[in-house]
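# Commentary on secondary and tertiary structure
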Amino acid sequence: MIFSQLGKGLIVSVEIFILTLVFSMPLGLLVSFGRMSKNIVIRTIMKVYISIMRGTPLMLQLIVVYFAPYYVLGMKISSAYRFIAVIIGFAVNYAAYFAEIYRGGIESMPKGQYEAAQVLGYGKTQTFWKIILPQVIKRILPAVTNEIITLVKDTSLAFVIAVAEMFTIAKQIAAAQASIFPLMIAGAYYFIFNLVVALVMEYAEKKCNYYR
Amino acid sequence: MENKNLQENNPMENKSLQETNPMENINLLEINHMRKQFGNLEVLKDISLNVKKGEVVSIIGPSGSGKSTLLRCATLLERMDGGDLIYLGEAVCRDENGESKYVSKKELKKFHRYFGLVFQNFNLFPHFSVMKNIIDAPVSVAGVPKKEAEQTARKLLKQLGLEDKADAYPYQLSGGQQQRVSIARALALKPQILFFDEPTSALDPELTAEVLKVIKQLAKEHMTMIIVTHEMNFAREVSDKIIFMEDGVIQQQGTPQEIFQSPNERVREFIGKLSD
Ligand SMILES: Nc1ncnc2c1ncn2[C@@H]1O[C@H](COP(=O)(O)OP(=O)(O)OP(=O)(O)O)[C@@H](O)[C@H]1O
Ligand SMILES: [Mg+2]
């Protein structure tokens, strides 16, 4: 059955999606701190990292992550590593994009918020988590939503290293049956997937709308 | 002026905002030879200033004379380059060979308990309700139990005429209300001394009046305050001492009467321009 086969592929796509977010969103925060660091070495490394991630195709990055252990380190590549490579590739790539979004949000915060917190006696850490970050999240939510929706579609890139996510499977069935019907079903699945994501993000934005 | 004298006869009639201090004449704040420069620009040159408990000091002077910088150095938002800064006899920094030597970072923390600062543009936390704006620092910085902090906050809100605004968010308030909340937020930490940097400059005249009224009330209650302001009539009415700053130095300081009848041409000219 096409639907159930595609359904299995969809589950893999959802796994890639969720794991990528789980790893890239916090990693992006660290990268953005590095990018804003007073230490010029750290700052430059992060700048270079971000520009490579944004300046080369994600597809190529996935291939590099997958084959590097073999070509660089001479290690044998197990088949389980395919999926891990996809998660590493996606997380490292999306972290760079999230980092720039976070940085934009953090740098847009008025200085007065930091100063008010400092005079009231908040420490640096408390100020960031209690005062700055909640406001930054509200500011960057639209940009993050864009990124997340792009990610839903990007999961299909995992086909380059033959991870059996939905698009890979749809293509295989389509080739076997000489029909584009499976690809159209896959398209519908992606669309529904994104609809759900958009609804969740809309809800999150509403939650943040209790203040201006 | 008259009501000021009345109070001196009965100095402790309202203690709600301050604790009694056995050492009545102690300097809450002592600044000696404060210097500050940004790059090559010398913004503060040798500022010395003492503030006693219960005193209200106004700082006036033209734009760019260094009034905000003085307040920012005193509230540790800016590091001074030379001179001493001393709260209640405890030094934040002391001058050593013309350079301010600060105490360690850890020791610096405790000085935040001594003062509060009210900003020109309020700087309330927009994602916190009015109540949370007021209680969050006492609870999560000073360790006051939440119940107690809320009680204090309600009392303050009532005093400042905001009892029905506890659950509102800053964006739902007028500028004058926001500024009163920010005053409540500062008072909730029970500071010994409260600084104001042009607290009414962002407000319309009617809203200015309601904020000035609150500050006058605090003065009646013997809150120690240092107020940078362009409101000459207010400064005259509320201050024990007025400081006129220009070009990073204190040109003259004295009682309102001394300042308003100053022999110094520049001072008279400045006051004349701003009072009507
Ligand atoms: N962070 C800074 N970096 C460089 N220069 C600064 C900085 N802060 C203030 N200055 C300069 O220091 C001088 C004094 O500024 P300050 O804000 O203390 O003046 P002010 O008396 O408060 O003026 P106003 O009445 O306009 O508020 C100005 O020339 C200002 O440009
Ligand atoms: Mg100023």
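These notes cover the structure that comes with them. All residue numbers here refer to positions counted from 1 along the written sequence of the relevant chain. As a convention, the first chain written is A and the first ligand written is 1, with the rest following in written order. Local features in this predicted model are restricted to residues whose pLDDT is 70 or higher, and side-chain atom pairs enter the listing and the counts only when it is 80 or higher, whereas totals over whole chains, interfaces and linings include all residues. Computation of side-chain values covers all heavy atoms of the structure but excludes hydrogens and water.

## Examining helix H7 (residues 205-220) of chain B
All names here are of chain B. Here is the rule: Strands here mean DSSP runs of E at least two residues long; helices mean DSSP runs of H or I at least four residues long; both are numbered from the N terminus. To estimate how far a helix should reach, multiply one less than its number of residues by 1.5 Å. Partly exposed describes any residue whose relative accessible area lies between the buried limit of under 20% and the exposed limit of over 50%, with all areas from a 1.4 Å probe on protein chains only and scaled to the type maximum. The arc in question is the one spanned by the directions pointing from the helix axis to the C-beta atoms. In this analysis, two residues are considered to be in contact whenever any of their non-hydrogen atoms come within 4.5 Å of each other.
An ideal rise of 1.5 Å per residue puts 22 Å on 16 residues; H7 measures up with 22 Å between its terminal C-alpha atoms. Taken together, the buried positions of H7 are Leu207, Thr208, Val211, Leu212, Val214, Ile215, Leu218 and Ala219. Seen from one end, H7 has its buried residues packed into an arc of 155°, which puts them on one side. Every exposed residue of H7 that faces more than 90 degrees away from the buried side is listed here: Pro205, Glu206 and Lys213. On the buried face of H7, the contacting elements are strand E3 (56-60), helix H6 (175-187), strand E8 (193-197), strand E9 (224-228) and helix H8 (232-238). Of the residues one or two after H7, His222 is the one with positive phi, at around 65°.

## So, helix H10 (residues 265-274) of chain B
Count 3.6 residues to each turn of an α-helix, and residues three or four apart come out pointing the same way. Residues and elements named next belong to chain B. The cut-off we apply is this: Each polar contact in these results corresponds to two N or O atoms within 3.5 Å; when the atoms are within protein, one needs to be able to donate a hydrogen and the other to accept it, and residues that are neighboring in sequence are counted only if both atoms are side-chain atoms.
For H10, every residue scored as buried is listed here: Val267, Phe270 and Ile271. Considered in projection along H10, the buried side chains sweep an arc of 95° and stay on one side of the axis. In this structure, H10 carries Glu265 and Lys273 as exposed residues pointing more than 90 degrees from its buried face. Against E3, H8, strand E10 (241-246), strand E11 (249-254) and helix H9 (256-260) lie the buried residues of H10. Its side-chain oxygen at 2.8 Å from the backbone nitrogen of Arg266, Asn264 defines the N-terminal cap of H10.

## Structural notes on a positive patch on the surface
Here is the rule: A residue counts toward a patch only above 30% relative accessible area and without a salt bridge, and it is joined to like-charged neighbours within 9 Å or, for Val, Leu, Ile, Met, Phe, Trp and Tyr, to nonpolar neighbours within 5 Å. Only the protein chains shown count as cover for residues, and the accessible areas themselves come from Shrake-Rupley with a 1.4 Å probe. Basic side-chain nitrogens of Lys or Arg form a salt bridge, by our definition, when they fall within 4 Å of a carboxyl oxygen of Asp or Glu. Counted as positive: Lys and Arg. Counted as negative: Asp and Glu. His and the chain ends are not counted at all. Note that the charge is assigned to NZ on lysines, CZ on arginines, CG on aspartates and CD on glutamates.
On the surface, Lys38 and Lys124 of chain A together with Arg79 and Lys105 of chain B cluster together into a positively charged patch. For Lys105 of chain B, the position within the fold is in helix H3 (residues 105-110). With relative accessibility at 70%, the residue Lys105 of chain B sits in the exposed group.

## What about the interface of chain B and chain A?
Often, the extent of an interface is quoted as the loss of accessible area on bringing the components together. Using the following cut-off: Summed over both partners, the accessible area (1.4 Å probe) lost when two parts come together is defined as the buried area. Any residue that is not Ala, Val, Leu, Ile, Met, Phe, Trp, Tyr, Cys, Pro, Asp, Glu, Lys or Arg is counted as polar, Gly included; the first ten are nonpolar and the last four charged.
Listed as interface residues are 24 residues of chain B and, on the opposing side, 19 residues of chain A. Approximately 2,100 Å² of surface area, both sides summed, lies buried where chain B meets chain A, with 59% of it carried by carbon and sulfur atoms. Together, Phe125, His127 and Tyr171 of chain B form the three largest contributors to the area buried by chain B at its contact with chain A, with a combined 30%. Counting the contacts that link chain B with chain A gives 2 salt bridges. For the salt bridge of Glu115 of chain A with Arg72 of chain B, the shortest nitrogen-to-oxygen distance reads 2.8 Å. Considered class by class, the residues forming the side of chain B that touches chain A number 14 nonpolar, 6 polar and 4 charged.

## Comments concerning a nonpolar patch on the surface
All names here are of chain A. Nonpolar side chains collect at one region of the surface, where Met59, Ile63, Phe67, Tyr70, Tyr71, Val72, Leu73 and Met75 lie side by side and expose about 820 Å² of accessible area between them. As for its position among the elements, Tyr71 is in helix H3 (residues 58-71). Here Tyr71 falls in the exposed class, since its relative accessible area comes to 62%.

## Thoughts on the pairing of strand E2 (residues 41-52) of chain B
All names here are of chain B. Short version of the rule: By this definition, two strands are paired if DSSP reports at least two bridges between them.
Relative to E2, strand E1 (residues 27-38) runs antiparallel, the two sharing 8 bridges. Looking across to E2, one finds that Glu30 is bridged to Asn50. Turn length for the E1-E2 hairpin, with the two strands adjacent in sequence and antiparallel, is 2 residues, and the turn residue Gly39 shows positive phi of about 60°.

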